[in-house]
Every structure is written in C-alpha cells, then in structure tokens.
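Letter by letter, the chains look like this.
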Amino acid sequence: MKIIFAVSVCFFFQVAFAQRLDINSLEKLLDVPVRSADTLLRKSGFNLSDKETGKSYINYYYTSYERKDLVNHLLRSLSFMDVYSDSDTSRLILYRTYDEKEEEDLKNQLLANGYQLFSSTANNFIYKKENYTITNKITVKTAKGNKPLTAYEFELGR
C-alpha cells in the first residue's frame, strides 16, 4: 500500500509540473527545426492553438492549461515566430505565465545558467549570456469583465 501511494504521489507531482518550461528548453527552441520544437512542446503539455502564415513569416502559438485545484487554473502560452529574409531565418520566442513563483524560478535558472542582469527598468529586466539575450517583462493584463492579471513574459530570439 505504501509503495502504491509513493508511486501515485510521484506520478501526480510529475504531471502537475509537466507543463512548465525551463530556460534550457527555451534556448533549445531557438535552434531546433519546427517539427522538433513541436515535439518538445507537446511533450511538455502544450498544444498548438493557432498558426499564422504571412509572406515572410510563420507564427506558431501554443497554450497549456493546468488545473491547480477546483478554483485555481493556470494558463501558459508560448509563441515562436520564424521570419524569413532571403536565405536567413530569425526566430523569436515569447513564453508567458501568470504564476509569480514560476517567474521567480525562471529568473533563478537564468542566474544559475550563467546569465547576468544587463539592464532593468520598472518592469523589464534584460539578462545576457554570451550570444543569448532574454528579456523578462512584467505586465498587467485585463480581460473584459475580469480582474487584472499580472503576466510574466520571457522573450528571446536569434
């Protein structure tokens, strides 16, 4: 009985955090092909919600919905856009969460992975490491008829 309980706790603990992305995953998304990015995101519990194609770009929008308990829910989103110019391709990634603790964890991961705070303003923090730059933006979003929510965004590109 104890073994079943221990296995169940481990399983539920893993599922509860399966949808979070870490800094290493975000860096990896910069350089992998679209199919590999899709696989990584789906394994992390994200689903493709929208795909927009223009003359020189493709934008993929993924969402992840986590039910924390009967009342609280957490939405995460990630969009990555590939921009094409002649033979060059650039990629922009925007990861958004509404969980302050997750934002703190990601900032700690930045520092643990060799990033240094390069500059900051009231709600924008720019971290740099070698050729990587990650901007952490904190914004307040208000959906019509709902109370304001704080969004924590991490943006990086190549």
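Treat the numbers as computed from the prediction; the structure is a model and nothing was measured.

Visitor: Describe the sheet that holds strand β6 (residues 124–129), naming the residues involved and giving the relevant values.
Guide: Strand order in the open sheet formed by 8 strands is β1-β2-β3-β4-β8-β7-β6-β5, with antiparallel pairing between adjacent strands. What marks the edges here is a single partner per strand, and that holds for β1 (47–53) and β5 (116–120). Sheet twist, expressed as the average angle between the axes of neighbouring strands with direction ignored, equals 20°. With respect to the sheet, helix α2 (residues 23–31) is in contact with β3 (73–85), β4 (88–97), β6, β7 (132–141) and β8 (149–157), its orientation differing from that of β4 by roughly 155°. Lying on the sheet, helix α4 (residues 100–112) is in contact with β3, β4, β6, β7 and β8; it crosses β8 at an angle near 30°.

Visitor: So what's going on with the pattern of salt bridges? Which residues, and what values?
Guide: One pass over the structure, following the stated rule, counts 13 salt bridges. Salt-bridge contacts for E104 lead to K107; the nearest nitrogen and oxygen are separated by 3.5 Å. With E104 and K107 both in helix α4 and 3 residues apart, this pair spans about one turn of that helix. Where E153 meets K141, a salt bridge forms, and the shortest distance between an N and an O atom there is 3.7 Å. Residue E153 is found in strand β8, and its partner K141 is found in strand β7; the two are separated by 12 residues along the sequence. Assessed through its relative accessible area of 7%, E153 is described here as buried. Taking relative accessible area as the criterion, K141 reaches 32% and is therefore assigned partly exposed.

Rules of the game
- Residues numbered from 1 in each chain as written.
- Predicted model: local features only at pLDDT ≥ 70, side-chain atom pairs only at ≥ 80, totals over all residues.
- Heavy atoms only, no water.
- Pairing = 2+ DSSP bridges.
- Helix = DSSP H or I, 4+ residues; strand = E, 2+ residues; numbered from the N terminus.
- Axes fitted to C-alpha atoms, helices over the stretch in contact; angles between N-to-C directions.
- Contact = heavy atoms within 4.5 Å.
- Salt bridge = Lys/Arg side-chain N within 4 Å of Asp/Glu carboxyl O.
- Buried < 20%, exposed > 50% of the residue type's maximum accessible area, 1.4 Å probe, protein only.

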